[in-house]
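# Notes for the structure review
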Amino acid sequence: MIRLTQKKIFFKIVEEYFSDTCYISRNKYPNTDIVKLVQCNHKVLPDCIKNFSTITVDLLLPEEELFSNINKKLRYDIRRVSRNNAYSIFFIDDNDAKGYDKAIKLLSHFLRKRNLSSLNLTKIKKMWKTGVLKISVSCSSYQDESIFLGVHIYLIDEESLRGRLLYSCSSFEDHPNLNKLHHWKDILFLKGLGLDKYDFGGISTDGSTDSIDKFKMKFGGKLEQSCNKIIGLTIKGRLALIVYRLFFR
């Protein structure tokens, strides 16, 4: 389980990832206005949840079996792009501030270009500084390795032994198979860290991200169900959620 505390204006917000239960006790969160549970166990209170679906890969399997579980065409593309050694894929060192800044800059540009929600830079930086964030990057083996072609950001939970993909961007147009190899290399790296699960960070239930969902499923993982939940613990916390739901959703 990962717990992050944020202060926004007059509110204290606790965000908790991968909790074993979606039951919220006020004694557990003193002086907290709002609690957000992300991917918590969804078996306790099934009537007051927002379902969350994702694809997870079992990292306890041998490497050979992990690869054989991947879609045949995807395996072919990974082999082909890896044979020519055209790309270098690595995780940024936890103390590499310049590497972090370059990766975040590229990801932010990618999100703006596609009109997607922008990064919460304060939150991401806090995750990075507390050591629960890992960033992998890809670059050309024949060019400057400081020029990133792709960025993957993971939330690492050492308690549940899960690596959860938060963001992913890649130069799809110029390097169409790079992202496939990038994910495979990340799977092996997180397996090497001793993690049990590689979490693709969610799939849609309404088909809104169908092509992306199909790509994730080609890696041979299994569907996993959990829930997201948000609750106001104080009067001002509950009022803030009412205003948010009325005007910003």
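Preceding this paragraph is the structure being described.
Residues numbered from 1 in each chain as written. Predicted model: local features only at pLDDT ≥ 70, side-chain atom pairs only at ≥ 80, totals over all residues. Heavy atoms only, no water.

### Notes on the packing of aromatic side chains
Filter applied, for reference: Geometry of aromatic contacts follows a simple scheme: Phe, Tyr and Trp rings, the Trp one being its six-membered ring, pair when their centres are within 6.5 Å, and the pair is stacked under 30 degrees between planes, edge-to-face over 60, tilted otherwise. Numbering of helices and strands starts at the N terminus; helices are DSSP runs of H or I of at least 4 residues and strands are runs of E of at least 2. Buried means the residue's accessible area, taken with a 1.4 Å probe over protein chains only, is under 20% of the maximum for its type, while exposed means over 50%, and partly exposed covers the values in between.
A full pass over the atoms with the stated rule returns nine aromatic pairs. Taking 5.4 Å as the distance between ring centres and 45° as the angle between the ring planes, the aromatic pair formed by F200 and F219 counts as tilted. Separated by 19 residues along the polypeptide, F200 in the loop between β9 (197-199) and α6 (210-217) and F219 in the loop between α6 and β10 (222-232) bring together distant segments of the chain. On the basis of relative accessible area, F219 is assigned to the buried category, the value being 2%.

### Side note on the nonpolar core
Quick reminder of the rule: Residues grouped as a nonpolar core are buried Ala, Val, Leu, Ile, Met, Phe, Trp, Tyr and Cys residues, joined through side-chain atoms within 4.5 Å. The criterion used for residue contact is that any of the two residues' heavy atoms lie within 4.5 Å.
Ranked by internal contacts, the top residues of the largest apolar core, which has 26 residues, are Y17, M127, L133, I135, I153 and L155. When residues of this core are traced back to their parent elements, those giving at least two are β1 (2-8), α3 (97-113), α4 (121-129), β6 (133-140), β7 (150-157) and β8 (162-170). For this core, the leading source of residues is α3, giving six residues. Y17 has contacts with M1, I2, L4, V38, K123, M127 and L155, leaving out every residue within four places of it along the chain. In this structure, L74, I78, L181 and Y198 belong to the second largest nonpolar core, which totals 23 residues.

### Some thoughts on the packing of helix α2 (residues 72-83) against helix α5 (residues 178-192)
Using the following cut-off: All axes are obtained by fitting lines to C-alpha atoms, using only the stretch in contact for helices, and the reported angles, taken between N-to-C directions, cover 0 to 180 degrees. Note on terminology: angles under 35 degrees are roughly parallel, angles over 145 are roughly antiparallel, angles of 65 to 115 are roughly perpendicular, and the others are oblique. When residue character is reported, Ala, Val, Leu, Ile, Met, Phe, Trp, Tyr, Cys and Pro are called nonpolar, Asp, Glu, Lys and Arg charged, and the others, Gly included, polar.
Direction vectors running N to C along α2 and α5 enclose 95°, while the axes themselves pass 9 Å from each other. Between α2 and α5, the angle is such that the two are roughly perpendicular. Contacts between α2 and α5 involve L74, D77, I78, V81 and S82 on the former and, on the latter, K180, L181 and W184. Split into classes, the residues belonging to the contact of α2 with α5 amount to five nonpolar, one polar and two charged.

### What to know about the pairing of β1
Put simply, the rule reads: Between any two strands, pairing holds if DSSP finds at least two bridges.
Pairing between β1 and strand β2 (residues 11-17): seven bridges, direction antiparallel. Bridge pairing in β2 links K7 to K12.

### What about the side chain of K123?
Within the secondary structure, K123 is located in helix α4. Overall, K123 belongs to the buried group, its relative accessible area being 18%. Aside from chain neighbours lying at most four places away, what touches K123 is Q6, E15 and Y17.

### Focus on the side chain of T32
This is how it is decided: Side-chain atoms alone can form a polar contact between residues adjacent in sequence; in general such a contact is a pair of N or O atoms within 3.5 Å, and within protein one must be able to donate a hydrogen while the other accepts it.
In this fold, T32 is placed in the loop between β2 and β3 (34-40). Of note is the side chain of T32, whose polar atom sits 3.3 Å from the backbone oxygen of Y29. Here T32 is in contact with K12, V14, L233 and T234, once residues within four sequence places are set aside.

### Quick look at the packing of α3 against α4
Short version of the rule: Left-handed describes a crossing whose near helix is turned anticlockwise from the far helix by less than a right angle; the clockwise case is right-handed.
As a packed pair, α3 and α4 sit with axes 12 Å apart at the nearest point and diverge in direction by 145°. You can see that α3 and α4 cross each other, and the crossing is right-handed. Between α3 and α4, the contacting residues are Y100, I104 and S108 on the first element and L121, I124, K125 and W128 on the second. The residue inventory of the contact of α3 with α4, partitioned by class, reads five nonpolar, one polar and one charged.

### Observations regarding the pattern of salt bridges
Operational definition: Any Lys or Arg side-chain nitrogen found within 4 Å of a carboxyl oxygen on Asp or Glu counts as a salt bridge.
Under the defined criterion, the tally for this structure stands at 13 salt bridges. For R162, the salt bridge goes to E224, with nearest N and O atoms at 3.0 Å. Placement of R162 in strand β8 and of E224 in strand β10 is noted, with a sequence separation of 62 residues between them. Neither residue differs from the other here; R162 and E224 are each classed as buried. K197 serves as the salt-bridge partner of E224, at 2.7 Å between the closest nitrogen and oxygen. Linking E224 in strand β10 with K197 in strand β9, this pair joins segments that are 27 residues apart in sequence. Residue class for E224 comes out buried when judged on its relative accessible area of 13%.

### Looking at the pairing of strand β4 (residues 50-58)
Pairing of β4 with β10, which is carried by seven bridges, proceeds in the antiparallel orientation. Residue pairing for β10: I55 is matched across the bridge by L223. Relative to β9, β4 runs antiparallel, the two sharing three bridges. Along β9, the bridge assignment pairs T56 with D199.

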